[in-house]
Amino acid sequence: MIKVTALHKKYSGVEAVAGISFEVEKGEIVGFLGPNGAGKSSTMRMLTGYLPPTSGEIEIAGLDVLNHSIEVRKKVGYMAENVPLYTDMYVGQFLRYRAALKGVKSKNVRGRVEDSLEKCGLVEVRKKLVGNLSRGFRQRVGLADALVHNPDLLILDEPTAGLDPNQIRSVRELIKDLGKEHTILLSTHILPEVEMVCDRAIIINRGRIEASDTLENLSRKVQSGSLYIEIKSPAQDALEKLERLKNLSLVKVRTDKDGWVLLECQSKPGSDPREAVDELIKAEKWPLREFRHDKAKLEDVFVELTQE
């Protein structure tokens, strides 16, 4: 659905996007992640035809974005971070207007508007002014606008920005449902949202792609997670014996007044030292109060790949 090859974008000589290449297959929901200023928004605007690239190639559904701009825009629904809405129009009226602008045939406008209203949970507010809606409903109107011409590809830039937890959950479920019928490229700073919604993630930093893989494979590229062990033992003795184990490094140690020692450890990528730690605890006959393994999260991957 998306094929990007050696894409560059410069602003006054400053390279915002530095020769990135990636692909998104039809039917995927892909997270497009990166810190502020990484080049995400510039890339998404180039994908939608709003911004010309300095060099490189972009294909959407087999069509070159520069040479077939109008045809490509018919296949793409774009929701910008700050959704531009006409606040003095009614919701249904606004969507009919947007459908006409996007080239939906007159006989199909009503059906497309009804479908968008229903999918985005806007039926109850269709006769309300956009300016009188809450932030959550305005985001839904923006999503309905991106959807109204029934595009093959949805490009969503921070669709849950500024929403409360209940609204975020609602929009997240909506995106998951839309993913059953549309390919989706999703940019967000809410990383747990990506873990819940996306099949794969692309991480960009300083205009370059640092990683592109399934969430499971990305997690394997960094520390395999944290291991928490709470035992009753002299702290120094426990430290010395645990440090002898391969693929394990101690991060934090805390001792309480009753002699219990809480150790937080990190395992190396691709390793699982739990069995070796369990055997050591049994051999030393340490009383055990906690033995917990937290897998690496997308946040850990993001920080390791993008932090200075």
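Residues numbered from 1 in each chain as written. Predicted model: local features only at pLDDT ≥ 70, side-chain atom pairs only at ≥ 80, totals over all residues. Heavy atoms only, no water.

Draft legend 1. Structural view of the overall build of the protein chain. Each helix and strand in the protein chain was counted, giving 11 helices and 14 strands. If one aligns the C-alpha atoms of the protein chain with their principal axes, the spans along those axes are about 80 × 45 × 30 Å. The 308 residues of the protein chain split such that 47% are buried. In the protein chain, once contacts between residues fewer than 6 apart in sequence are set aside, the share between residues at least 24 apart is 69%. (Helix = DSSP H or I, 4+ residues; strand = E, 2+ residues; numbered from the N terminus. Buried < 20%, exposed > 50% of the residue type's maximum accessible area, 1.4 Å probe, protein only. Contact = heavy atoms within 4.5 Å.)

Draft legend 2. Structural context of the nonpolar core. One finds Leu 33, Val 91, Leu 156, Ile 184 and Leu 298 to be the most contacted residues of the largest nonpolar core, which totals 46 residues. In terms of nonpolar packing, the next biggest core, distinct from the first, is built from 26 residues, Leu 7, Ala 38, Val 65 and Val 72 among them. (Core = buried A, V, L, I, M, F, W, Y, C linked by side-chain atoms within 4.5 Å.)

Draft legend 3. Seen up close, the side chain of His 182. With respect to the helices and strands, His 182 occurs in the loop between helix 6 (165-178) and strand 8 (183-187). The exposure class assigned to His 182 is buried, which follows from its relative accessible area of 3%. Within the structure, His 182 has its side chain in polar contact with the backbone oxygen of Pro 151 (distance 2.6 Å). Setting aside residues no more than four positions away along its own chain, His 182 makes contact with Glu 28, Lys 119, Leu 147, Asn 150, Pro 151, Asp 152 and Leu 154. (Polar contact = N/O pair within 3.5 Å; in protein donor to acceptor, adjacent residues only side chain to side chain.)

Draft legend 4. Local environment of the packing of aromatic side chains. Summed over the entire model, instances satisfying the criterion amount to 4 aromatic pairs. Judged by centre distance (5.8 Å) and plane angle (35 degrees), the ring pair of Phe 22 and Phe 32 falls under tilted. Within this pair, whereas Phe 22 is found in strand 2 (residues 14-24), its partner Phe 32 is found in strand 3 (residues 29-33), the two being separated by 10 residues in sequence. You'll find Phe 22 and Phe 32 in the same group, each marked buried. On the numbers, 6.2 Å between centres and 65 degrees between planes, the contact of Tyr 86 with Phe 94 is edge-to-face. Take Phe 94: its relative accessible area is 1%, and that puts it in the buried class. Taken together through their ring pairs, the aromatic side chains of Tyr 86, Phe 94 and Tyr 97 make up a single cluster. Positioned over the ring face of Trp 260 is Arg 289, at 4.3 Å from the centre of the ring. (Phe/Tyr/Trp six-rings, centres within 6.5 Å; stacked < 30°, edge-to-face > 60°. Lys NZ or Arg CZ within 6 Å of the ring centre and 35° of its normal.)

Draft legend 5. Looking closely at the side chain of Thr 188. Tracing the backbone through its elements, the reader meets Thr 188 in the loop between strand 8 and helix 7 (191-197). Separated by 3.4 Å, the side chains of Thr 188 and Glu 193 make a polar contact. Once residues lying within four places of it in the same chain are set aside, the contact partners of Thr 188 are Phe 32, Leu 33, Glu 158, Thr 160, Glu 193 and Val 194.

Draft legend 6. A look at helix 3 (residues 91-101). Among the residues of helix 3, those classed as buried are Val 91, Gly 92, Phe 94, Leu 95 and Ala 99. Buried residues of helix 3 fall within an arc of 160 degrees about the axis and therefore sit on the same side. In helix 3, the exposed residues that point more than 90 degrees away from the buried face are Ala 100 and Leu 101. Buried residues in helix 3 make contact with helix 4 (106-119) and helix 5 (135-147). Downstream of helix 3 by one or two residues, Gly 103 has phi in the positive range, about 85 degrees. (Arc of directions from axis to C-beta.)

Draft legend 7. Region of interest: the sheet that holds strand 1 (residues 2-11). Pairing is antiparallel in the open sheet, where 4 strands are placed in the order 2-1-4-5. The strands lining the two open edges of the sheet, one partner per strand, are strand 2 and strand 5 (63-64). (Pairing = 2+ DSSP bridges.)

Draft legend 8. Main features of the environment of Ile 168. Structurally, Ile 168 can be placed in helix 6. Each C-alpha atom of the pair Ile 168 and Glu 193 lies 8.8 Å from the other, and the pair is 25 residues apart in sequence.

Draft legend 9. Expanded view of unusual backbone geometry. Of note, the phi angle at Arg 206 is positive, near 55 degrees, even though the residue is not glycine. Here Arg 206 lies in the loop between strand 9 (200-205) and strand 10 (208-214). Its relative accessible area of 56% is what places Arg 206 among the exposed residues. Here the phi dihedral of Lys 285 falls at roughly 60 degrees; this positive angle occurs in a residue that is not glycine.

Draft legend 10. The sheet that holds strand 9, seen in detail. As summarised here, the arrangement of the 6 strands in space is 6-7-8-3-9-10, forming an open sheet in which the pairing is mixed. Each having just a single partner strand, strand 6 (76-79) and strand 10 make up the two edges of the open sheet. Put simply, the sheet's adjacent strands are angled 15 degrees from each other on average, direction ignored. Pairing geometry for strand 9 and strand 10, over 6 bridges, is antiparallel. Note that in strand 10 the partner of Asn 205 across the bridge is Arg 208. Sheet strands in contact with helix 5 are strand 6 and strand 7 (153-157), and its direction is about 160 degrees off that of strand 6. Its contacts with the sheet place helix 6 against strand 3, strand 7 and strand 8, and it is angled at close to 150 degrees to strand 8. (Axes fitted to C-alpha atoms, helices over the stretch in contact; angles between N-to-C directions.)

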